[in-house]
Amino acid sequence: MSAAIASRIDEARLWERHMSIARHGATAAGGVNRQALSPEEASARREVTGWASALGLKASTDAAGNFFLRLEGTDPSAAPVLTGSHLDSQPTGGKFDGVYGVLAGLESVEAMIAAKVRPRRSIEIVAWMNEEGSRFVPGMMGSAAFAGAMPLEEILGIRDAAGVSVAEGLAAMKQACPEVPERALGGPVKAYVEAHIEQGPILEREGFTIGIVTGIQGKRTFRVTVTGEEAHAGTSLRRDRKDALLAATQMVQALVAVMHDAEDVVKFTVGRFTVQPNAPSVVPSSVVFSIDLRHPDSAVLQSLGDRIPEICAAQAGPCEVKSEKLTTSMSLEFPPAMRQLIGACAERVGVRSMEILSAAGHDARYLHTVCPTGMIFVPCKDGISHNEAESATASDLADGARVLAEALLELSRD
Ligand code: HGY
Ligand code: MN
Ligand code: MN
């Protein structure tokens, strides 16, 4: 292995750190529930900070709650190279989604220090705030704010299901990590590389260790609110009812029929379905449901998404319906130069790589709007993710970190 830094990556240390971070928000089924800006995320940040501070890295945070660990370069004034991902998880998340990008970044920097290599440009490891969009909607708020794609004021006012605002969550995080200084939001970035598990089965099935990510498929999200009328389950006549649940389920079925494609390329998900008053003997007066729609072809994504309001309206019956378009992110392609660089690093490290489109969303989407951006995938078992059974191997994680370390060093040199 000719790569100088790659040989310093410590597979056991990287694995142990994943197992240690998995304790923050550990679930009985072996996964994690580490919601954005939660005490669990704060304790995970503190543990990562402990490892980083021991290496001389400096922690900081910005007004959007993004968390940075900086290895100062020999030219501190030069725009830094960023790497990282997220520490928040889905409610039934796994040990590797997001965490891997943060820990692989830390491992890369630790390998450089061990090799006594000081990069010219500073390298910053980032844990972006609320990538998952589980507690606060939409996801990727932190990287969107960093890239100027979403106004901070709008983000601060968004509330979770318990009515807690992002601003209150940020205050709680600050209270949990009072020693972390604040820095300006945004700023010049030379390049960004994010390591992540694939969250799909392709690398494992094709027998490749490294995915050189070509881009990210497009995604549109919606919130549909169906309003009916509460009524007694025993006395109200069917013809008089305004049953929001009945209307909402018919809307979902009609949407599923339209989104069904034989090639299974359209990805349509209703992940959240909230019924009010949610009492067995009361006809539901309100249903709010989420729509997560994805497709690699932006024109198809646009046209399918545009049909959602009319499809829902057609199934409303005696109820009212409001279809809100929340986010629209079209498919993107990472710069060929970044893909070539990652490919060359994989070759130098001596691991097999293939080009692959990301079907999952990542903060790299927003960094792509501010600097040359790339992603490195490693396999996960059976492609399972957003599931407590999510699993990866120590050697694949280490190989991905080796490629990342080489790429970061190369990017931080010029
Ligand atoms: O939903 C996504 O694609 C990401 O894993 N949060
Ligand atoms: Mn992720
Ligand atoms: Mn995820």
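Presented here is a report on the structure given in the accompanying data block. (Residues numbered from 1 in each chain as written. Chains lettered and ligands numbered in written order. Predicted model: local features only at pLDDT ≥ 70, side-chain atom pairs only at ≥ 80, totals over all residues. Heavy atoms only, no water.)

Some words on the packing of helix 1 (residues 11-21) against helix 13 (residues 394-413)
Reasoning step 1: At their nearest, the axes of helix 1 and helix 13 sit 9 Å apart, and the two run at 110° to each other. It follows from the interaxial angle that helix 1 and helix 13 lie roughly perpendicular. In this structure, helix 1 contributes Glu11, Leu14, Trp15 and His18 to the contact, and helix 13 contributes Ala394, Ser395, Leu397, Ala398 and Ala401.
Reasoning step 2: Class assignment of the residues belonging to the contact of helix 1 with helix 13 gives a composition of 6 nonpolar, 2 polar and 1 charged. (Axes fitted to C-alpha atoms, helices over the stretch in contact; angles between N-to-C directions. Helix = DSSP H or I, 4+ residues; strand = E, 2+ residues; numbered from the N terminus. Parallel < 35°, antiparallel > 145°, perpendicular 65-115°, else oblique. Contact = heavy atoms within 4.5 Å. Nonpolar A, V, L, I, M, F, W, Y, C, P; charged D, E, K, R; others polar.)

A word on the coordination of the manganese ion (ligand 3)
Reasoning step 1: For the manganese ion (ligand 3), the full set of protein donor atoms is Asp97 (OD), Glu132 (OE), Glu132 (OE) and His386 (NE2), at a range of 2.2 to 2.5 Å.
Reasoning step 2: On the primary sequence, the residues serving as donors to the manganese ion (ligand 3) are separated as D-x34-E-x253-H.
Reasoning step 3: For Asp97, a relative accessible area of 5% corresponds to the buried category. (Donors = N, O, S within 2.8 Å, 3.2 Å for Na, K, Ca; no water. Buried < 20%, exposed > 50% of the residue type's maximum accessible area, 1.4 Å probe, protein only.)

As for the packing of aromatic side chains
Reasoning step 1: Throughout the structure, instances matching the rule amount to 6 aromatic pairs.
Reasoning step 2: A ring pair is formed by Phe68 and Trp128, whose centres lie 6.2 Å apart and whose planes are at 80°; its orientation type is edge-to-face. With Phe68 in strand 2 (residues 67-71) and Trp128 in strand 4 (residues 123-128), the pair connects residues that are 60 residues apart, well separated along the chain. Pair check on accessibility: Phe68 and Trp128 agree, each one buried.
Reasoning step 3: By the ring-pair criterion, three or more aromatic residues cluster together here, those being Phe68, Trp128, Phe146 and Tyr192.
Reasoning step 4: In this structure, Arg352 packs its charged tip against the face of Phe208, placed 4.1 Å from the ring centre. (Phe/Tyr/Trp six-rings, centres within 6.5 Å; stacked < 30°, edge-to-face > 60°. Lys NZ or Arg CZ within 6 Å of the ring centre and 35° of its normal.)

Focus: the side chain of Ser285
Reasoning step 1: Assignment of secondary structure puts Ser285 in the loop between strand 11 (282-283) and strand 12 (286-295).
Reasoning step 2: Given a relative accessible area of 11%, Ser285 falls into the buried group.
Reasoning step 3: Ignoring any residue separated from it by four or fewer positions in sequence, one finds Ser285 in contact with Val226, Thr227, Gly228, Glu229, Glu230, Ala244, Gln276 and Pro277.

Things to note about the environment of Arg223
Reasoning step 1: One can find Arg223 in strand 7 (residues 218-227).
Reasoning step 2: A C-alpha to C-alpha distance of 20 Å links Arg223 and Ala36, two positions 187 residues apart in sequence.
Reasoning step 3: Beyond its immediate stretch of four places on either side in the chain, Arg223 contacts Val288, Phe289, Lys322, Ser323, Glu324 and Leu326.

Side note on the pairing of strand 6 (residues 210-216)
Reasoning step 1: Taken across its 7 residues, strand 6 has 7 buried, putting it largely inside the fold.
Reasoning step 2: In the sheet, strand 6 pairs with strand 15 (residues 353-358) via 6 bridges, with the strands oriented parallel. Of the residues in strand 15, the one forming a bridge with Ile210 is Ser353.
Reasoning step 3: The pairing of strand 6 with strand 16 (residues 373-378) spans 2 bridges and is classified as antiparallel. Paired with Ile212 across the bridge in strand 16 is Ile376.
Reasoning step 4: Two elements, strand 6 and strand 14 (residues 332-333), share 2 bridges in a ladder whose sense is antiparallel. Bridge pairing in strand 14 links Gly215 to Glu333. (Pairing = 2+ DSSP bridges.)

Observations regarding the pattern of salt bridges
Reasoning step 1: The full count for this structure, using the stated rule, is 26 salt bridges.
Reasoning step 2: Put simply, Lys242 and Glu229 hold a salt bridge, and the shortest N to O gap is 3.9 Å. Of this pair, Lys242 sits in the loop between strand 8 (231-232) and helix 8 (244-259) while Glu229 sits in the loop between strand 7 and strand 8, and the two are 13 residues apart along the sequence.
Reasoning step 3: Among the ionic pairs, Glu406 bridges to Arg348, the shortest N-O distance being 3.3 Å. Within this pair, whereas Glu406 is found in helix 13, its partner Arg348 is found in helix 11 (residues 336-349), the two being separated by 58 residues in sequence.
Reasoning step 4: Assessed through its relative accessible area of 29%, Arg348 is described here as partly exposed.
Reasoning step 5: Counted as one network, the salt bridges with shared partners bring together Arg13, Arg17, Glu107 and Glu110. (Salt bridge = Lys/Arg side-chain N within 4 Å of Asp/Glu carboxyl O.)

What about helix 8?
Helical periodicity: at 3.6 residues per turn, an α-helix aligns residues three or four positions apart in one direction.
Reasoning step 1: Compared with an ideal rise of 1.5 Å per residue, which puts 16 residues at 22 Å, helix 8 spans 22 Å between its outermost C-alpha atoms and is within 8% of the ideal.
Reasoning step 2: Looking only at helix 8, the buried set comprises Ala244, Ala247, Ala248, Met251, Val252, Ala254, Leu255 and Met259. Viewed along the axis of helix 8, the buried residues span an arc of 165°, placing them on a single side of the element. Every exposed residue of helix 8 that faces more than 90 degrees away from the buried side is listed here: Gln253 and Ala257.
Reasoning step 3: Its side-chain oxygen at 2.9 Å from the backbone nitrogen of Leu245, Asp243 defines the N-terminal cap of helix 8. (Expected span 1.5 Å × (residues − 1). Arc of directions from axis to C-beta. Polar contact = N/O pair within 3.5 Å; in protein donor to acceptor, adjacent residues only side chain to side chain.)

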